[in-house]
Amino acid sequence: MRGTDETSGSLFSYVDLEDRIPARHPLRKIRQVVNDALASLDDEFDRLYVDFGRPSIAPERLIRASLIQVLFSIRSERQLMEQMQYNLLFRWFVGLGVDDAVWVPTVFSKNRDRLLTTEMSRKVMAAILGHREVAPLLSDDHFSVDGTLIKAWASMKSFKPKAEGTSPDDEDPDGPPTYGDTPDDQTAETNPETAPMPRSTHRSRNAEVDFKGEERSNATHASTTDPEARLYKKSPGTGAMLCFMGHALMENRHGLVVQGDLTQADGHAERKAAMDMLHRHSPGSTRKLTLGADKAYDAAGFVADLRRACVTPHVAQKARHSAIDGRTTRHKAYALSIKHRKRIEEPFGWAKTVGCMAQTVYRGVERVRSRFILTMAANNLARLPRLLGV
């Protein structure tokens with residue numbers, strides 16, 4: 001018998017979101033881990049808020065909403081709020097009931113900027129990795145490190161000559177990388193209260209610009225859209241672009257990212273960030289750790305710093321003038337590290353294809369860094385259901 005195609009509105013509806021989500025849906029395990037991790041950060045959240053005034057968005061819900069945005073490749077907060085209006089799965093994960101109102105996108109963005117600083121993103125990642133089911137998956141001794149370019153939210157047309165009197169202290173992208181010299185703006189402490197995102201004052205949206213014959217470098221030019229972005233190219237034969245440089249420290253047992261960072265792009269940022277992430281992950285460690293890396297890390301200063309920190313440098317050797325000698329390469333562990341270090345490209349690929357980090361939509365190092373670290377944490381969460389056998 002043919003059914004009828006008739007619609008009758010219902011005055012009342014009884015919907016239990018728990019019953020609408022499949023029992024074996026991978027988000028169930030992810031939500032359990034995230035809720036436990038956020039519960040461990042309850043004291044941290046209490047210190048961020050005062051006891052009077054209007055209540056803001058609950059930090060737990062804001063972080064869960066930001067994670068769902070990364071996991072499902074939602075490109076903006078406005079689109080996230082739109083999808084949360086009708087997507088019961090998103091409402092269930094974030095913690096909203098069927099009848100709860102969705103936040104205004106601008107209110108959500110302002111609350112996100114206040115809460116999700118670099119320090120908070122690192123605490124969220126650490127809380128997830130410290131979960132009772134996740135911690136046994138991690139290796140304590142063998143790690144890999146690498147960096148990737150994150151395209152800035154700025155056009156090449158915005159890369160214009162600096163005002164007269166500006167000191168040319170920025171490194172040219174084609175210049176030789178030097179280890180140990182760090183720009184002043186990278187050593188400054190991160191301001192937890194993020195400044196407003198700069199806005200362009202151009203009158204023409206897409207003016208014609210002819211770059212032919214013009215020499216441009218970070219020493220003489222800067223982007224008017226995002227002044228903290230740098231013109232850089234990571235390999236010969238590729239075009240330079242305005243970008244940042246993201247860094248990740250991965251444990252070799254299951255390929256989970258244990259530390260993330262993002263800096264301005266230059267020739268020595270990868271090696272400096274690698275040392276910072278190692279010290280942050282294992283401060284004052286006396287265990288003999290190993291660190292796998294590609295040829296960009298084969299520098300005498302970096303290798304010496306690793307040895308002083310009780311870290312064996314399992315770095316791929318350059319064809320000439322390598323700082324890695326036979327006392328390292330003769331061990332079988334060196335070959336294993338060189339093999340496993342290539343897995344670090346998987347989190348970078350996931351972040352760029354799923355996490356929307358191929359080109360960031362944020363401006364400024366602080367905003368992009370906090371988002372990059374949260375994206376690395378979301379990558380770990382996406383792998384947990386399979387690793388835990390759910």
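Rules used throughout
Residues numbered from 1 in each chain as written. Predicted model: local features only at pLDDT ≥ 70, side-chain atom pairs only at ≥ 80, totals over all residues. Heavy atoms only, no water. Helix = DSSP H or I, 4+ residues; strand = E, 2+ residues; numbered from the N terminus. Buried < 20%, exposed > 50% of the residue type's maximum accessible area, 1.4 Å probe, protein only. Contact = heavy atoms within 4.5 Å. Areas by Shrake-Rupley, 256 points an atom, 1.4 Å probe, with all protein chains shown as cover. pLDDT = per-residue confidence, 0-100. Pairing = 2+ DSSP bridges. Right-handed = clockwise from strand over helix to strand, strands pointing away. 1 Å grid on protein atoms, 1.4 Å probe; cavity = no way out; pocket = protein on both sides within 12 Å on 5 of 7 lines; lining within 4 Å. Points joined across faces, edges and corners; volume = space filled by probe spheres on them. Nonpolar A, V, L, I, M, F, W, Y, C, P; charged D, E, K, R; others polar. Phe/Tyr/Trp six-rings, centres within 6.5 Å; stacked < 30°, edge-to-face > 60°. Lys NZ or Arg CZ within 6 Å of the ring centre and 35° of its normal. Axes fitted to C-alpha atoms, helices over the stretch in contact; angles between N-to-C directions. Left-handed = near helix turned anticlockwise from the far one by under 90°. Patch = residues over 30% accessible without salt bridge, like charges linked within 9 Å, V, L, I, M, F, W, Y side chains within 5 Å. Salt bridge = Lys/Arg side-chain N within 4 Å of Asp/Glu carboxyl O. Lys, Arg positive; Asp, Glu negative; His and termini not counted. Charge placed at Lys NZ, Arg CZ, Asp CG, Glu CD. Expected span 1.5 Å × (residues − 1).

Remarks on the overall build of the protein
So, point 1. Helix and strand content of the protein: 15 helices and eight strands.
So, point 2. In the protein, which comprises 390 residues, the proportion classed as buried is 46%.
So, point 3. Long-range pairs, those at least 24 residues apart, make up 72% of the contacts in the protein between residues at least 6 apart in sequence.
So, point 4. Here the protein displays about 21,100 Å² of accessible surface, and carbon together with sulfur accounts for 50% of that area.

Here's the deal with the confidence of the model for the protein
In low-pLDDT segments, the atomic positions of the prediction should not be examined closely.
So, point 1. Looking at the protein as a whole, the pLDDT averages 87, with 88% of positions reaching at least 70.
So, point 2. The secondary structure element of the protein with the lowest average pLDDT is helix α9 (residues 184-187), at 47, and the one with the highest is helix α4 (residues 59-71), at 97.
So, point 3. In this model, residues 173-190 is a region of pLDDT below 50 whose contacts with residues beyond four sequence positions or in other chains number 32 contacts.

Regarding the pairing of strand β8 (residues 311-315)
Along any regular strand the residues' side chains alternate between the sheet's two faces.
So, point 1. Most of β8 is tucked away: five of the five residues are buried.
So, point 2. Residues Val311, Pro313 and Val315 line one face of β8 and the alternating positions Thr312 and His314 line the opposite face, and both faces are buried.
So, point 3. By the bridge criterion, five bridges tie strand β7 (residues 289-293) to β8 in an arrangement that is parallel. Paired with Thr290 across the bridge in β8 is Thr312.
So, point 4. Handedness of the crossover joining β7 and β8 through helix α11 (residues 300-308): right-handed.

Points about empty space enclosed by the protein
So, point 1. All told, the structure shown has two cavities of 30 Å³ or more when counted by the stated rule.
So, point 2. Taken as a whole, the largest cavity spans an internal volume of roughly 120 Å³.
So, point 3. As for the largest cavity, its lining consists of 12 residues, and the residues nearest its centre are Arg112, Asp113, Leu116, Arg367 and Ser370.
So, point 4. Secondary structure elements with two or more residues in the lining of the largest cavity: α7 (105-115) and α15 (365-387).
So, point 5. Among the elements that take part in the lining of the largest cavity, α15 stands out by supplying five residues, more than any other.
So, point 6. Of the residues belonging to the lining of the largest cavity, the class tally is three nonpolar, four polar and five charged.

A closer look at the packing of aromatic side chains
So, point 1. Per the stated rule, a full pass over the model turns up three aromatic pairs.
So, point 2. A ring pair is formed by Trp103 and Phe108, whose centres lie 5.9 Å apart and whose planes are at 25°; its orientation type is stacked. This pair shows no difference in class: Trp103 is buried, exactly as Phe108 is.
So, point 3. Between Tyr297 and Phe302, the ring centres sit 5.6 Å apart and the planes meet at 50°, which makes this aromatic pair tilted. Across this residue pair, the class does not change: Tyr297 and Phe302 are buried.
So, point 4. Just above the ring of Trp92 sits the side chain of Arg31; from NZ or CZ to the centre is 4.8 Å.

Considerations on the pairing of strand β6 (residues 257-264)
So, point 1. Of all the eight residues making up β6, eight are buried; the element is thus mostly covered by neighbouring parts of the structure.
So, point 2. Relative to β6, strand β5 (residues 241-251) runs antiparallel, the two sharing seven bridges. Considered in β6, the bridge of Leu249 is made with Gln259.
So, point 3. Counted along the chain from β5 to the antiparallel partner β6, the turn is five residues long, and its residue Gly255 has a positive phi close to 75°.

Overview of the packing of helix α2 (residues 26-40) against α4
So, point 1. Between α2 and α4, whose axes approach to 11 Å, the crossing angle comes to 145°. Crossing angle aside, the handedness with which α2 passes α4 is right-handed. Side by side, α2 and α4 meet where Leu27, Val34, Asn35 and Leu38 of the first sit next to Glu60, Ile63, Arg64, Leu67, Ile68 and Leu71 of the second.
So, point 2. Broken down by class, the residue content of the contact of α2 with α4 amounts to seven nonpolar, one polar and two charged.

Notes on a negative patch on the surface
So, point 1. A grouping of Asp42, Asp43, Asp46 and Asp51 is seen on the molecular surface, where their side chains present a negatively charged patch.
So, point 2. Mapped onto the secondary structure, Asp42 falls in helix α3 (residues 42-48).

Details of the environment of Gly355
So, point 1. Among the structural elements, Gly355 can be located in the loop between α14 (345-353) and α15.
So, point 2. Accessibility expressed as a relative area gives 9% for Gly355, which makes it buried.
So, point 3. Once the C-alpha coordinates of Gly355 and Met376 are considered, the two residues, 21 residues apart in sequence, prove to be 8.8 Å apart.
So, point 4. In this structure Gly355 touches Val70, Trp350 and Thr375, once residues within four positions along its chain are discounted.

Observations concerning the environment of Thr220
So, point 1. For Thr220, the location among the structural elements is in the loop between α9 and β3 (221-223).
So, point 2. What makes Thr220 partly exposed here is its relative accessible area of 41%.
So, point 3. Not counting chain neighbours up to four residues away, the residues in contact with Thr220 comprise Lys160, Pro161 and Lys162.

Overview of the side chain of Asp146
So, point 1. In this fold, Asp146 is placed in strand β1 (residues 142-151).
So, point 2. Look at Asp146: it is buried, it has no salt bridge, and the nearest opposite charge is Lys234 at 4.2 Å.
So, point 3. Excluding anything up to four places from it in sequence, Asp146 contacts Lys234, Gly246, His247, Ala248, Glu270, Asp294, Tyr297, Ile344, Glu345 and Phe348.

Concerning α4
So, point 1. Here α4 spans 18 Å end to end across 13 residues, near enough to the 18 Å set by a 1.5 Å rise per residue.
So, point 2. Along α4, 11 of the 13 residues are buried, which leaves the element largely enclosed by surrounding structure.
So, point 3. Pro59, Leu62, Ile63, Arg64, Ala65, Ser66, Leu67, Ile68, Gln69, Val70 and Leu71 are the residues of α4 that are buried.
So, point 4. Following α4 by one or two positions, Ser73 has its phi on the positive side, about 55°.

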